[in-house]
Amino acid sequence: MKISEEIKEALIENKKIFYMLMILFAIGFVIAFIMADDIAPVLMPMLKEALLEGNVTSIDAFSIMFHNLKSAITIFFASTLFGIFAVISIIANGFVVGFMAGYTVKSFNTLIIFLALILPHGIIEIPALFLSCASGIQLFLFIFRVLKDKINHYSFAEAYQNNKKTLKHILILMSIAILLFVIAALIEGFITPQLGNIASQQMGGSKLF
């Protein structure tokens, strides 16, 4: 089977997981968007600390890349605990994005700054997040199914053979996620701050970075 066909198979056969993750992300987004004013005193200080300071350099981009990859790997392995960490992570990320959208709309009466700061890398980073969460959930399912087969008197070799397609899907989804996280980090480090500055100045404000 060609690589493109294997990728398509991994995405299609795990579409229920992706649908679930999309719903959870949307729930977090909507709640935070509506409650943006109420949670701003808590979230804004944390988000300001997370923003890049000073001039944008390749070091910033690679720092973002390291952070993204570390988060993806953490989600991947921590999700072996019944996939709970993946669920928490996707809701939390939806919550943060929803807050930023709601806060900018209510503060500036426009989505321009939000789109400038999120859209360039977000259209790549958010799918990468979904892929890493899905692969983490699949890792849990793989371990669960292998142990279930073992309990049903299969050998580990037989249990592996019964579930090797799941393992293949895990490797495919996680590999794509890592690639997308790398691309998103480069965009976030070099392009997003420049677009944020342009959007802010167009709105009559000062440079953000």
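Residues numbered from 1 in each chain as written. Predicted model: local features only at pLDDT ≥ 70, side-chain atom pairs only at ≥ 80, totals over all residues. Heavy atoms only, no water.

Where an unreviewed UniProt entry is consulted, the protein appears under the name Stage II sporulation protein M, with the organism given as Methanobrevibacter millerae.

Time to look at the UniProt feature "transmembrane region" (unreviewed entry) in the protein. UniProt records the feature "transmembrane region" (unreviewed entry) at residues 17-36, 72-96, 103-123, 129-147 and 167-187, using the numbering of this structure. With 100% helix and 0% strand, residues 129-147 has its two end C-alpha atoms placed 27 Å apart. With 100% helix and 0% strand, residues 167-187 has its two end C-alpha atoms placed 31 Å apart. (UniProt positions renumbered as here; feature names shortened; annotations may be inferred. Helix = DSSP H or I, 4+ residues; strand = E, 2+ residues; numbered from the N terminus.)

What follows deals with the packing of aromatic side chains. How two aromatic rings sit relative to each other is given by the distance of their centres and the angle of their planes. Evaluated as defined, the whole model comprises six aromatic pairs. Summarising the aromatic geometry, the rings of F25 and F130 are spaced 5.6 Å apart at their centres and angled 50° between planes, so their arrangement reads as tilted. You can see F25 sitting in helix α2 (residues 15-34) and its partner F130 sitting in helix α6 (residues 112-151), a full 105 residues away along the chain. As far as burial versus exposure is concerned, F25 and F130 are alike and both buried. Centre to centre, the rings of F140 and F144 are 6.1 Å apart; their planes meet at 35°, and the pair counts as tilted. In this pair, F140 and F144 are both assigned in helix α6, four residues apart and thus about one turn of the helix distant. For F140, a relative accessible area of 17% gives the class buried. Among the aromatic residues, those joined into a ring-pair cluster are F82, F140 and F144. Here the basic side chain of K150 rests over the ring of F156, its NZ or CZ set 4.9 Å away from the ring centre. (Phe/Tyr/Trp six-rings, centres within 6.5 Å; stacked < 30°, edge-to-face > 60°. Buried < 20%, exposed > 50% of the residue type's maximum accessible area, 1.4 Å probe, protein only. Lys NZ or Arg CZ within 6 Å of the ring centre and 35° of its normal.)

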